[in-house]
Amino acid sequence: MSNPTELTHAPHRDDVGARMGMWLFLFTELLLFGGLFLVYAVYRHEYYSQFRVAALELNLSIGALNTVILLTSSLTVALSIGALQKGQKHLSVMLLLITDILALAFMVNKYFEWSTKIHHGIYPGSEHLLNLPDGQILFYGLYYIMTGLHALYIIIGLVFLTIVLGFVITGSVNKDSYVKLENAGLYWHLVDLIWIFLFPLFYLIQ
Amino acid sequence: MQEHHNNETHQISYSTYLLVWVSLLALTSITVTVAGVHLGDYTLFVALMIAAIKSALVINIFMHIKFEDPIFKVFLGISGFTLLVIFSLTFFDYIYR
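Below: a short report on this structure. Note that the coordinates shown come from a computational prediction; the quantities given were computed from them, not determined experimentally.

Digging into the overall build of chain A
The secondary structure content of chain A amounts to eight helices and zero strands. When its helices and strands are written in sequence order, chain A yields α-α-α-α-α-α-α-α. Dimensions of chain A, computed from C-alpha atoms along their principal axes, come out at roughly 70 × 35 × 25 Å. Looking at chain A as a whole, 54% of its 206 residues qualify as buried. A separation threshold of at least 6 residues defines the contact pool for chain A, and within that pool the share at least 24 residues apart is 83%. Total accessible area on chain A is roughly 9,000 Å²; 70% of this is exposed by carbon and sulfur atoms. Positive and negative side-chain charges of chain A, numbering 10 and 13 respectively, have mean locations separated by a distance of 8 Å.

Next up, the structure:
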């Protein structure tokens, strides 16, 4: 057992174990969203034409813009881990700040998108929506639940990343011990992954 | 990884990350463009295939699965398989009801 950490008399730690714990948690999240995607799949199968009509109301450019924002934020968080590994602390902090800003930009877009919908009387339980056919009510119900839950994940991820950003600044997450940053990054990538599927399923039904 | 240094990770170069990011953006523009073309029944299939390729890039490179211990890949495979089983059983029930 020649573990190099014993030589530097560091306290016991197991980064692989920490990452595995994070992955196991991510799998439970995957199953949670999997259930929602299953409901979506069955209802899309049953109300295909009405889903198409309802989806035309969604703003494709905001959806596409948010996709680009999330993909870019995934890049910046991955780069910030790389920068910290190389000991470039300032670069790492900058990249995490950019990630935070991109997450906020996503939420601002979401705010405008949802407020436009609500302004048009499309929100769960609204009079306008309840007069539409069943398939369209289901589409918007799923739209609000799934993108809403995803938005909640964005907020959680933003808080998670900001806390770790604090750790990086104070130095408790550093070049030699950065598993917290890796795990925050993993969570952020999961949020990105979910959006990779939400985007075509809601915005790109022709 | 080779000698199993429990607290070391494989380092990926900045250019690899940037390349993956560019590919992800390219795939996004392809999926948006393809959605405008009438492919009938294949629309959903094509959209999901592109989403799957994007996921594979994010999981392998951004999430480092490619460089993790094999057990991570086993777990990932099991959870993906579980989802597949849930979807298949539900649709089997739903379609032949």
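Notes on the packing of aromatic side chains
Applying the stated criterion across every chain yields a total of 23 aromatic pairs over all chains. Aromatic pair Phe106 of chain A and Trp195 of chain A: ring centres 5.2 Å apart, planes at 85°, arrangement edge-to-face. Here Phe106 of chain A, found in helix H5 (residues 89-119), pairs with Trp195 of chain A, found in helix H8 (residues 179-203); they are 89 residues apart in sequence, far enough to count as distant. Per residue, the accessibility class of Phe106 of chain A equals that of Trp195 of chain A, and both read buried. Pairwise contacts between aromatic rings join Tyr40, Phe51, Trp114, Phe139, Tyr140, Tyr143, Tyr144 and Phe202 of chain A into one cluster. The positively charged end of Lys86 of chain A is found above the aromatic ring belonging to Tyr14 of chain B, 4.3 Å away from the centroid. Across the ring face of Phe167 of chain A, the terminal group of Lys180 of chain A is positioned such that the distance to the ring centre comes to 5.6 Å.

Some thoughts on the nonpolar core
Counting 80 residues, the largest nonpolar core has Trp23, Phe139 and Phe202 of chain A as the members making the most contacts within it. Listing elements by their share of this core, those giving two or more residues are helix H2 (15-46), helix H3 (48-55), helix H4 (60-85), H5, helix H7 (134-170) and H8 of chain A together with helix H1 (14-36) and helix H2 (42-62) of chain B. Filtering out sequence-adjacent residues up to four positions away, Phe202 of chain A remains in contact with Tyr40, Ala55, Leu58, Phe139, Leu142, Tyr143 and Met146 of chain A.

Overview of the layout of surface pockets
Taken as a whole, the largest pocket holds about 1,200 Å³ of empty space. Contributing to the lining of the largest pocket are 35 residues, with Phe37 and Phe197 of chain A together with Leu48, Leu83 and Phe87 of chain B lying nearest its centre. Where the lining of the largest pocket is concerned, the elements lending two or more residues are H2 and H8 of chain A together with H2 and helix H3 (70-95) of chain B. Examining the composition of the lining of the largest pocket, we find that eleven residues originate from one element, H2 of chain A, more than from any other.

Some details on the environment of Ser13 of chain B
Residue and element names in this part refer to chain B. Here Ser13 shows up in the segment before H1. We classify Ser13 as partly exposed; its relative accessible area is 33%. In this structure the side chain of Ser13 is engaged in a polar contact, spanning 3.1 Å, whose partner is the side chain of Ser15. A distance of 2.8 Å separates the side chain of Ser13 from the side chain of Thr16, its partner in a polar contact.

Some points on the interface of chain B and chain A
Residue-level contacts link 49 residues of chain B with 51 residues of chain A. Counting the contacts that link chain B with chain A gives one salt bridge. For Arg19 of chain A, the salt bridge goes to Glu68 of chain B, with nearest N and O atoms at 2.6 Å. At the boundary of chain B and chain A, one finds five residue pairs in polar contact (both at pLDDT 80 or more). The set of elements that each furnish at least two residues to the side of chain B that touches chain A consists of H1, H2 and H3 of chain B. Among the elements that line the side of chain B that touches chain A, the one with the most residues is H3 of chain B, at 13 residues. A class-by-class count of the residues in the side of chain B that touches chain A yields 31 nonpolar, 15 polar and three charged.

Some thoughts on a nonpolar patch on the surface
Residue and element names in this part refer to chain B. The grouping of Val37, Leu39, Tyr42, Phe45 and Met49 at the surface amounts to a nonpolar patch, some 500 Å² of accessible area in total. Mapping Tyr42 onto the fold places it in helix H2. Under the relative-accessibility criterion, Tyr42 is labelled exposed at 56%.

Side note on unusual backbone geometry
Residue and element names in this part refer to chain B. Even without being a glycine, His64 presents a positive backbone phi close to 65°. Tracing the chain through its elements places His64 in the loop between H2 and H3. Taking relative accessible area as the criterion, His64 reaches 7% and is therefore assigned buried.

Examining the pattern of salt bridges
Residues and elements named next belong to chain A. Going through the model one piece at a time under the given rule, you end up with five salt bridges over all chains. A salt bridge links Arg19 to Glu182; the nearest nitrogen and oxygen atoms lie 3.1 Å apart. Of this pair, Arg19 sits in helix H2 while Glu182 is found in helix H8, placing the two residues 163 residues apart along the sequence. For Arg19, a relative accessible area of 3% translates into the label buried. Residue class for Glu182 comes out buried when judged on its relative accessible area of 5%. Its salt-bridge partner being Glu113, residue Lys110 comes within 3.6 Å of it at the nearest N-O pair. Of the two residues, Lys110 and Glu113 both sit in helix H5, three residues apart, roughly one turn of that helix. A single burial state applies to Lys110 and to Glu113, both of which are buried.

Analysis parameters
Residues numbered from 1 in each chain as written. Chains lettered and ligands numbered in written order. Predicted model: local features only at pLDDT ≥ 70, side-chain atom pairs only at ≥ 80, totals over all residues. Heavy atoms only, no water. Helix = DSSP H or I, 4+ residues; strand = E, 2+ residues; numbered from the N terminus. Buried < 20%, exposed > 50% of the residue type's maximum accessible area, 1.4 Å probe, protein only. Contact = heavy atoms within 4.5 Å. Areas by Shrake-Rupley, 256 points an atom, 1.4 Å probe, with all protein chains shown as cover. Lys, Arg positive; Asp, Glu negative; His and termini not counted. Charge placed at Lys NZ, Arg CZ, Asp CG, Glu CD. Phe/Tyr/Trp six-rings, centres within 6.5 Å; stacked < 30°, edge-to-face > 60°. Lys NZ or Arg CZ within 6 Å of the ring centre and 35° of its normal. Core = buried A, V, L, I, M, F, W, Y, C linked by side-chain atoms within 4.5 Å. 1 Å grid on protein atoms, 1.4 Å probe; cavity = no way out; pocket = protein on both sides within 12 Å on 5 of 7 lines; lining within 4 Å. Points joined across faces, edges and corners; volume = space filled by probe spheres on them. Polar contact = N/O pair within 3.5 Å; in protein donor to acceptor, adjacent residues only side chain to side chain. Salt bridge = Lys/Arg side-chain N within 4 Å of Asp/Glu carboxyl O. Nonpolar A, V, L, I, M, F, W, Y, C, P; charged D, E, K, R; others polar. Patch = residues over 30% accessible without salt bridge, like charges linked within 9 Å, V, L, I, M, F, W, Y side chains within 5 Å.

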